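These are the residues of each chain, in order.
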Amino acid sequence: MSYDPYIVGLTGGIGSGKSTIAQRFRELGIEVVDADQASRKVVEPGMPALNIIADRFGAKMIKSDGTLNRAAMRQLIFSQPLEKTWLENLLHPLIAEWIVDQLQRAESAYVMLESPLLLETEQHQLVNTLLLVDLPESLQLSRTAERDGDPKQQIQSIIDSQMARDDKLRRANYVFDNSLALDTVTPRITVLHETFLHLALESLHDD
Ligand code: ATP
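Description of the structure in this document. (Residues numbered from 1 in each chain as written. Predicted model: local features only at pLDDT ≥ 70, side-chain atom pairs only at ≥ 80, totals over all residues. Heavy atoms only, no water.)

Concerning the overall build of the protein
Along the backbone of the protein there are nine helices and five strands. Mapped from its N terminus to its C terminus, the protein presents α and β elements in the order β-α-β-α-α-α-α-β-β-α-α-α-β-α. Taken against the 2.2 N^0.38 rule, which gives 17 Å for 207 residues, the C-alpha radius of gyration of the protein at 18 Å falls within 12% of a compact globule. In terms of its C-alpha atoms, the protein occupies a principal-axis envelope of roughly 50 × 45 × 30 Å. The 207 residues of the protein split such that 41% are buried. Pairs at least 24 apart in sequence give 73% of the contacts found in the protein among residues at least 6 apart. (Helix = DSSP H or I, 4+ residues; strand = E, 2+ residues; numbered from the N terminus. Rg over C-alpha atoms; globule rule 2.2 N^0.38 Å. Buried < 20%, exposed > 50% of the residue type's maximum accessible area, 1.4 Å probe, protein only. Contact = heavy atoms within 4.5 Å.)

Have a look at this one:
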């Protein structure tokens, strides 16, 4: 017997704490599908997308170990918006297909879809409810800079390219305030977990 899993979307801006929060749900036995992993999977060696990219842009897009030359690809799409659209048109359906397949395979009481671009892409249409990891911009900047060692200007330009905090807050069903200390995270996740278990159970009754 197969049934549609109850899907909780998990999103938030750069450095907001998505991976940290997702890990706590994993520790509670919840399977997490990672959209970042999907975007890497679809261009792995042997996947059709990699050959299509090489056919269009030449062998320079493939490194000697057979993997995608991400730096060259980034540079190309940064300078050529039409090629960026072409690449998105190629990869987005493949990414969505991989995500849907993983969501369907999940066996936990509900399943989580972690994605930095859940609201910016059609991925939000896949989820039953949405949990936003929220953080003031100043903390996003300082935590990301500390984690990655990147210049704050570079991080700021990524923040500026993502959906505005207020818009995300308006669209979220649940908000996790991640400005609080790490030792407050687990108890608050446990409460949310109970809520999602309840929603998943209710959705079974609705079927
Ligand atoms: P990205 O979008 O860049 O992948 P992310 O949203 O997954 O980032 P994390 O990597 O989970 O964010 O968190 C960013 C940094 O903030 C990490 O170094 C993490 O350890 C730290 N962090 C997460 N939550 C807290 C917290 N509540 N208090 C202090 N530091 C935290």
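Now that the structure has been shown, the text picks up again.
Things to note about the site of the ligand
In the vicinity of the ligand lie 14 residues, with Lys-18, Ser-19, Thr-20, Arg-147 and Asn-178 positioned nearest. At 3.2 Å, a backbone N or O of Gly-15 approaches an oxygen atom of the ligand. With respect to the ligand, the backbone of Leu-180 contributes an N or O atom lying 2.9 Å from a nitrogen atom. For the ligand, the accessible surface in isolation is 640 Å², of which the surrounding protein chains cover 77%. For the shell around the ligand, the secondary-structure elements that each account for two or more residues are helix H1 (18–27) and helix H6 (137–148). The class makeup of the residues in the shell around the ligand is four nonpolar, seven polar and three charged. (Near = heavy atom within 4 Å. Polar contact = N/O pair within 3.5 Å; in protein donor to acceptor, adjacent residues only side chain to side chain. Areas by Shrake-Rupley, 256 points an atom, 1.4 Å probe, with all protein chains shown as cover. Nonpolar A, V, L, I, M, F, W, Y, C, P; charged D, E, K, R; others polar.)

Just distances and angles here, no functional claims.
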